[in-house]
Amino acid sequence: MLSEIIKLLTSEEFIKAAVFPGITFVMLYALFTVWYERKLLARVALRIGPLHVGKIAGVFQLIADAVKLLTKEVIVPSKSYRLLFVASPIIGGFTPLLIFPFIPFGENWIIYPSNVSLLLVFAVVAVSPIPFLVAAWASRSKYPFIGMLRFGFQLFAYEVPLFLAMIPVAMVAGSLDLKAIVLAQEKFPFILILPFSFIVFLTSSIAEVERIPFDIPTAEQELVAGWTTEYSGVLLEFIQLGAYLKADALAIITSILFLGGWSGPNIPFIPLELQQPFWLMLKSLILLSFILFLRGVYPRITIDRLLDLGWRMLIPLALLNIFIAALLVVYVL
Amino acid sequence: MSPLLAFILYVILAVATVALMSILPIILAPWKGTIKKKVLFECGQTPLPWREEAFPYEYFPYLIIYVAYAVVGILIFISSMVLIETPYIADRVLLIFGALTVGAFFIGLQLRELKQKITRQTQEDQRQGV
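Everything quoted here is computed from the prediction, not taken from an experiment. (Residues numbered from 1 in each chain as written. Chains lettered and ligands numbered in written order. Predicted model: local features only at pLDDT ≥ 70, side-chain atom pairs only at ≥ 80, totals over all residues. Heavy atoms only, no water.)

Q: Looking at this model, I keep getting lost on the overall build of chain B. Mind explaining?
A: On a plain count of helices and strands, chain B comes out with four helices and two strands. Its helices and strands taken in sequence order, chain B reads α-β-α-α-β-α from the N to the C terminus. Buried residues in chain B amount to 28% of all 130 residues. When the accessible area of chain B is evaluated, it comes to approximately 9200 Å², of which 67% is carbon and sulfur surface. (Helix = DSSP H or I, 4+ residues; strand = E, 2+ residues; numbered from the N terminus. Buried < 20%, exposed > 50% of the residue type's maximum accessible area, 1.4 Å probe, protein only. Areas by Shrake-Rupley, 256 points an atom, 1.4 Å probe, with all protein chains shown as cover.)

Quick look at the structure:
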């Protein structure tokens, strides 16, 4: 029995599921993103950011914050739908975790390879906001209610372009497998032949994760904290976790779809198995920096402009790019 | 190497992590819920009494457009997969994509004129002819 357990704990499956690219890596990366955002925005505003907790650059500040939220009292408003109010953020924090098993971090660094991994990823991304909409509804309070309506409109406006921007990539690569999509970019990354798709996908991703300038559902100056107003303690932590996990996942997926994934110049003396995740994470970190940087430099756009951008510009652009991709597939590639 | 086993292990570990995070506050956090704490947020003021009223909101037509575009999106996806599998019907698929692109640009131009607000007319609106 003991030998069986040891065998399981040292197996490739367990290492992938538990360590990399599994749950330990995913949770640490989400924590790192929060710290990185705070440091980056502090630099933009000529501040230092987290400093005192942890010897180097306040690295333990986030752990301190997490402990603080875990030890705070969970307050459930008396008017709310109690069960939904508590369960929705927990489900919402858990759902984005299901994106990562389908993401390849290298040719062999994937938990669950699938021929339709692109579709599986999109399915989880599309489902992930629903628990948060329910959470806002369950609050039965006016700020969350207005935030929820805005959240709904934003989702409707950006989910279609996000989906449409994926299609040209699948057409040019001839596959819905993320691994095959990376391998199809060996000669050149798809950003060169599908630039509109890249712009549409990145913009829709930023809107999907409610980052500034698309943070209308949680607009602090107008709606206190929007649909999250009534949440505190660990439930708020789940909401934050879900948002950061999704931002991380979408940055990695954008790198895979348009920036060549794990392909990069060969680094001598370092095994390819280590180089591949390094290049992918470097590319996604650059994208993530851009997404986070927007918060420091851009104001929030109004809802009419947000809807205009989604319905009047991104969808026609995405369709134009599908047409161009179809022409490329039929007559050039 | 069984990918399914790795996936199951990952899901178990993810559930365990979320469960641990959910249980920790029960052990560590104080539970001193008072009536004052449980009232809805009202920016430090006394909350307004509970009431129900009509809530006019703009941009509802976009919900209808969403349904239309979602269906179109699925059709485009199926067509693009058909294009990959059966290249000899490419001309017809290209024609559909071209028509949809032109249509989307036309709709994009027309959407600005769309009436955004659906609300009950008040007596004052009727007097002003709104």
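Read on for the rest.
Q: What exactly am I supposed to notice about the overall build of chain A here?
A: Check the secondary structure of chain A and you find 14 helices and zero strands. Reading chain A from its N terminus to its C terminus gives the helix and strand order α-α-α-α-α-α-α-α-α-α-α-α-α-α. Taking 333 residues into account, the globule formula puts the C-alpha radius of gyration at 20 Å, and chain A, at 21 Å, falls close to it. Judged by the C-alpha coordinates and their principal axes, chain A covers about 60 × 60 × 45 Å. (Rg over C-alpha atoms; globule rule 2.2 N^0.38 Å.)

Q: I tried to follow the interface of chain B and chain A on my own but got confused; where do I start?
A: It is common to give the size of an interface as the accessible area that goes away when the parts come together. On the side of chain A, 76 residues touch chain B, which itself brings 66 residues to the contact. A combined buried area of about 6300 Å² lies between chain B and chain A, and 79% of that area is made up of carbon and sulfur atoms. Here chain B is connected to chain A by five residue pairs in polar contact (both at pLDDT 80 or more). Every element with two or more residues in the side of chain B that touches chain A is listed here: helix H1 (3-28), strand E1 (57-58), helix H2 (61-85) and helix H3 (90-110) of chain B. With 18 residues, the single largest contributor to the side of chain B that touches chain A is H1(B). (Contact = heavy atoms within 4.5 Å. Buried area = accessible area lost by both parts, 1.4 Å probe. Polar contact = N/O pair within 3.5 Å; in protein donor to acceptor, adjacent residues only side chain to side chain.)

Q: Just checking my understanding: could you explain the packing of helix H3 (residues 23-44) of chain A against helix H12 (residues 233-258) of chain A for this structure?
A: Between two packed helices, both the angle of their axes relative to each other and the distance between the axes serve to describe the pair. Residue and element names in this part refer to chain A. Two numbers describe how H3 lies on H12: the axes approach to 9 Å, and their chain directions differ by 95 degrees. The orientation of H3 with respect to H12, classified from their angle, is roughly perpendicular. Judged by residue contacts, Val26, Met27, Tyr29, Ala30, Thr33, Val34 and Glu37 of H3 engage Leu241, Tyr244, Leu245, Asp248 and Ile252 from H12. Of the residues contributing to the contact of H3 with H12, the split by class is nine nonpolar, one polar and two charged. (Axes fitted to C-alpha atoms, helices over the stretch in contact; angles between N-to-C directions. Parallel < 35°, antiparallel > 145°, perpendicular 65-115°, else oblique. Nonpolar A, V, L, I, M, F, W, Y, C, P; charged D, E, K, R; others polar.)

Q: What is the right way to look at H12(A) in this model?
A: Along an α-helix, residues three or four positions apart point the same way, because every turn accommodates 3.6 residues. Taking 1.5 Å of rise per residue, the 26 residues of H12(A) would be expected to cover 38 Å, and the 38 Å separating its terminal C-alpha atoms lies within 8% of that figure. Burial runs high along H12(A): 23 of the 26 residues are buried. (Expected span 1.5 Å × (residues − 1).)

Q: What is the right way to read unusual backbone geometry from this model?
A: Excluding glycine, most residues fall at negative phi; most peptide bonds, likewise, are trans. All names here are of chain A. Each neighbour pair has its own omega, and for phenylalanine 20 with proline 21 the value is 0 degrees, a cis peptide bond. In this structure, proline 21 sits in the loop between helix H2 (12-18) and H3. Positive phi is not limited to glycine here, since leucine 46 has a value of about 55 degrees. Here leucine 46 lies in the loop between H3 and helix H4 (61-70). Although it is not a glycine, arginine 140 sits at a positive phi angle of roughly 50 degrees. Within the secondary structure, arginine 140 is located in the loop between helix H7 (130-139) and helix H8 (142-173).

Q: What is the right way to read the packing of aromatic side chains from this model?
A: When we look at a pair of aromatic rings, we describe it by the centre distance and by the angle of the planes. A full pass over the atoms with the stated rule returns 22 aromatic pairs over all chains. Seen from their ring centres, Tyr112(A) and Phe7(B) are 5.3 Å apart, and the 45 degrees between their planes marks the pair as tilted. Taken as a pair, Tyr112(A) in the loop between helix H5 (82-94) and helix H6 (117-127) and Phe7(B) in helix H1 lie in two separate chains rather than in one. Three or more aromatic residues link up through ring pairs in this structure, and these residues are Phe20(A), Phe25(A), Tyr29(A), Phe32(A), Trp35(A), Tyr36(A), Phe105(A) and Trp109(A). (Phe/Tyr/Trp six-rings, centres within 6.5 Å; stacked < 30°, edge-to-face > 60°.)

Q: What is the right way to read the domain arrangement of chain B from this model?
A: Each assigned domain of chain B is listed with its residue range as follows: domain 1 (1-30) and domain 2 (56-117). The gap between the C-alpha centroids of domain 1 of chain B and domain 2 of chain B is 40 Å. (Domains from an automatic or database assignment.)

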